[in-house]
Amino acid sequence: MAVTGQDLFFATIGELNQLLVSREISALELTRAFLGRLETFGPRFNALALLLEPQAIRRAKDVDKEIKRGRLRGPLQGIPYGAKDLLSFAGQPTTWGAKPYASQVFDYSAAVINKLDAVGSVLAGKLSTVELAGGGGYRYAKASLQGPGLNPWDRTRWSGGSSSGPAAAVAAGLVTFAIGSETSGSIVTPASYCGVTALRPTYGLVSRHGAMPLSWTLDKLGPFGRSAEDCGLILQVIAGNDRNDPGSAGKSFYYTPQYARPLKELRIGFAPVDFAEWTDPAARPALNQALAVLRDAGAPLVETRLPTFPYGAVISTVIGAEEASVFEPLIRGGGVEQLADPEQIAGLKANLDIPATAYLKAMRVRRLIQDAFRELFVDVDLLVAPGRYTPATPVDQSLDDEDRPTPAPADPGMTSLIPAANLAGLPALVLPSGFAGNLPVALQLVGPPFSENLLLAAGREFQQRTDWHKRRPPAA
Amino acid sequence: MKVTRRQLTASLIVAPVLAQAPAVPAGPEADLEAARKEVQAITMALSRIEVPVTTEPAFAFKA
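Residues numbered from 1 in each chain as written. Chains lettered and ligands numbered in written order. Predicted model: local features only at pLDDT ≥ 70, side-chain atom pairs only at ≥ 80, totals over all residues. Heavy atoms only, no water.

1. Overview of the overall build of chain A
Along the backbone of chain A there are 15 helices and 13 strands. Against the 2.2 N^0.38 benchmark of 23 Å for 476 residues, chain A shows a C-alpha radius of gyration of 21 Å, consistent with a compact globule. In terms of overall dimensions, chain A has C-alpha extents of about 60 × 60 × 45 Å along its principal axes. A total of 476 residues make up chain A; the buried ones form 66% of that total. As presented, chain A carries roughly 16000 Å² of accessible surface, and 50% of it is formed by carbon and sulfur atoms. (Helix = DSSP H or I, 4+ residues; strand = E, 2+ residues; numbered from the N terminus. Rg over C-alpha atoms; globule rule 2.2 N^0.38 Å. Buried < 20%, exposed > 50% of the residue type's maximum accessible area, 1.4 Å probe, protein only. Areas by Shrake-Rupley, 256 points an atom, 1.4 Å probe, with all protein chains shown as cover.)

Now the structure itself:
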């Protein structure tokens, strides 16, 4: 396929790799093109935290020399990408999106950045995040050093959080892929709102060394990309054991979708009420059509119920207690007052009051949640649910006022799937699945721990039957 | 993290406690007071959950 002009910015990793290896384009040309675009359009969506132009140019020149010498390092060599600004990059500011850390500089780079560097990927810039990844809770999208994340599909809408920059930058073609993070929803939400494919890996599969800690037992790093295929290629590079990350599972990942079972052999659990009642009426036609794609591929859809637990209480206690410990010096030292969102300030302070017994109770319930999911995955191979139940919300809308059906359906369906799956450490794949008006909507697939190849193969098959992941926002 | 404190607590069995809190806090003190009440409510809700005595915390957590 000939990739030229604007198509370059929306090409997949495989397409760009072909151009680079055949030397139809140099890594330097590609990097300069993306840097220019990131610098011009990044601020338009409040997606850019820091442009790394000199470093990226230097790295691209090295890559070109390597390619010229025939030293090929795999499909990510020479591909420009962005990293959420809670990942350290040696010698440059890493702000965690928060004013108290605006001048913070580490002398080492995050493990994922080092791994991507080792295969020749080019870090073009740091991308925006909600301050402190929103751990204390936040009321407004503007709770970030870069301002509210604006959605490339409609700049009056939020790009989602807390990985606002990674999702918006990939959606707008400012980078080919990006690395974001999720504690509970920070990959799934912005990917759904921005119409981008993204993967939340199993807890422990990707090292968090060099990433801002928010909740040690929940934090995960994962890729935003053009397709399930791209996410698989990225995960293969960034996954693996790391003695510097105490949560590391000690596992590697090899992207081998060819060995995964096809959709027609998978039993996929779903809750009909999600698609009939919980989902915003404007999003229902698209999400039901997406569900029909899975059905048409031969996947038996099985009505499934999530195990009943107070997921909200458990996850807010785990995050609250762990983040209060992480940020205790900030809270007690008064720096917390510099944060942008009053709810975040109040939440962090109040979380110092969480008793040890509550935290341990939450962690014990979490063990039961894990056991319950283990049993659930005896009956089904994957779960499917809307990534979010509404399209992107207006950017100035209070997040306390998120649209929900009134009266709420009696059956909760899988509306708690994000906190539930995060508590169990489960991987999720977000698949763009059509539109509600001009705004993208998405499905999320969730699987058992370390089922990434199964998820990615299912996603790849879904994307062979659809083109929603290839759509480009008009604002880009 | 997208889920807000109020959305989380809304899904809990803490309605009586929340009913005492102002719907829209008016300032930093009110915000803090509301946040503390929510922590208390969640703590109480957790304390009411029965867990088998042999269940250990998911700690160090492994998926």
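2. What about the packing of aromatic side chains?
All names here are of chain A. Within the structure shown, the criterion is met by 14 aromatic pairs over all chains. Here the aromatic rings of Tyr138 and Trp158 are separated by 6.1 Å at their centres, their planes lie at 75°, and the arrangement is edge-to-face. Pair noted here: Tyr138 is in the loop between β3 (122-127) and β4 (150-151) and Trp158 is in strand β5 (residues 154-158), with a separation of 20 residues, a long-range link. Exposure remark for Tyr138: the relative accessible area of 1% places this residue in the buried category. The structure contains a cluster of three or more aromatic residues connected by ring pairs, namely Trp96, Tyr101, Phe106, Tyr108 and Phe327. Positioned above the aromatic ring of Phe450, the side-chain terminus of Lys251 is 4.8 Å from the ring centre. (Phe/Tyr/Trp six-rings, centres within 6.5 Å; stacked < 30°, edge-to-face > 60°. Lys NZ or Arg CZ within 6 Å of the ring centre and 35° of its normal.)

3. Quick word on helix α12 (residues 342-351) of chain A
All names here are of chain A. The buried count for α12 comes to eight of 10 residues, which makes it a mostly enclosed element. Residues Glu343, Gln344, Ile345, Ala346, Gly347, Leu348, Ala350 and Asn351 constitute the buried set of α12. Capping the start of α12 is the job of one residue whose side-chain oxygen sits 2.8 Å from the backbone nitrogen of Glu343: Asp341. (Polar contact = N/O pair within 3.5 Å; in protein donor to acceptor, adjacent residues only side chain to side chain.)

4. Structural notes on the interface of chain A and chain B
Residue-level contacts link 59 residues of chain A with 32 residues of chain B. Each partner contributes to the roughly 3800 Å² buried at the junction of chain A and chain B, and carbon and sulfur atoms together form 63% of this total. Looking only at chain A, the three residues that lose the most surface to chain B are A:Lys361, A:Arg364 and A:Arg367, adding up to 16% of its buried area. Scanning the region where chain A abuts chain B turns up two salt bridges. Between A:Asp353 and B:Arg36 there is a salt bridge, with its nearest N and O atoms 3.1 Å apart. The interface formed by chain A and chain B contains nine residue pairs in polar contact (both at pLDDT 80 or more). At the level of elements, α6 (188-194), α10 (311-326), α12 and α13 (356-379) of chain A are the ones that each hand at least two residues to the side of chain A that touches chain B. Top element by residues in the side of chain A that touches chain B is α13(A). It accounts for 12 residues. Broken down by class, the residue content of the side of chain A that touches chain B amounts to 29 nonpolar, 19 polar and 11 charged. (Contact = heavy atoms within 4.5 Å. Buried area = accessible area lost by both parts, 1.4 Å probe. Salt bridge = Lys/Arg side-chain N within 4 Å of Asp/Glu carboxyl O. Nonpolar A, V, L, I, M, F, W, Y, C, P; charged D, E, K, R; others polar.)

5. Quick look at the packing of α12(A) against helix α3 (residues 28-47) of chain B
Packing of α12(A) against α3(B) leaves a shortest axis separation of 8 Å and a crossing angle of 45°. Viewed along their axes, α12(A) and α3(B) adopt a mutual orientation that is oblique. Between α12(A) and α3(B) lies a crossing of right-handed hand. Together, A:Pro342, A:Glu343, A:Ala346, A:Gly347, A:Lys349, A:Ala350 and A:Asn351 of α12(A) and B:Asp31, B:Leu32, B:Ala35, B:Arg36 and B:Val39 of α3(B) make up the contact between the two elements. Broken down by class, the residue content of the contact of α12(A) with α3(B) amounts to six nonpolar, two polar and four charged. (Axes fitted to C-alpha atoms, helices over the stretch in contact; angles between N-to-C directions. Parallel < 35°, antiparallel > 145°, perpendicular 65-115°, else oblique. Left-handed = near helix turned anticlockwise from the far one by under 90°.)

6. Structural notes on the packing of helix α7 (residues 228-238) of chain A against helix α15 (residues 452-464) of chain A
Residue and element names in this part refer to chain A. α15 packs onto α7 with a crossing angle of 150° between their chain directions and a minimal axis gap of 8 Å. With respect to α15, the element α7 is oriented roughly antiparallel. Touching Ala228, Glu229, Cys231, Gly232 and Leu235 of α7 are Glu452, Leu456, Gly459, Arg460 and Gln463, all from α15. For the contact of α7 with α15, the per-class residue count stands at four nonpolar, three polar and three charged.

7. Examining the side chain of A:Arg139
Relative to the elements of secondary structure, A:Arg139 occurs in the loop between β3 and β4. One polar contact links A:Arg139 to A:Glu343, side chain to side chain, over a distance of 2.9 Å.

8. Regarding the pattern of salt bridges
For the structure shown, the criterion picks out 16 salt bridges over all chains. Close ionic contact of A:Arg59 with A:Asp117 constitutes a salt bridge, the shortest N to O distance being 2.6 Å. Placement of A:Arg59 in helix α3 (residues 53-68) and of A:Asp117 in helix α4 (residues 111-118) is noted, with a sequence separation of 58 residues between them. Here A:Glu66 makes a salt bridge to A:Arg73, at a shortest N to O gap of 3.0 Å. Taking relative accessible area as the criterion, A:Arg73 reaches 30% and is therefore assigned partly exposed. Through salt bridges with shared partners, a single network forms among A:Arg139, A:Glu343 and B:Asp31.

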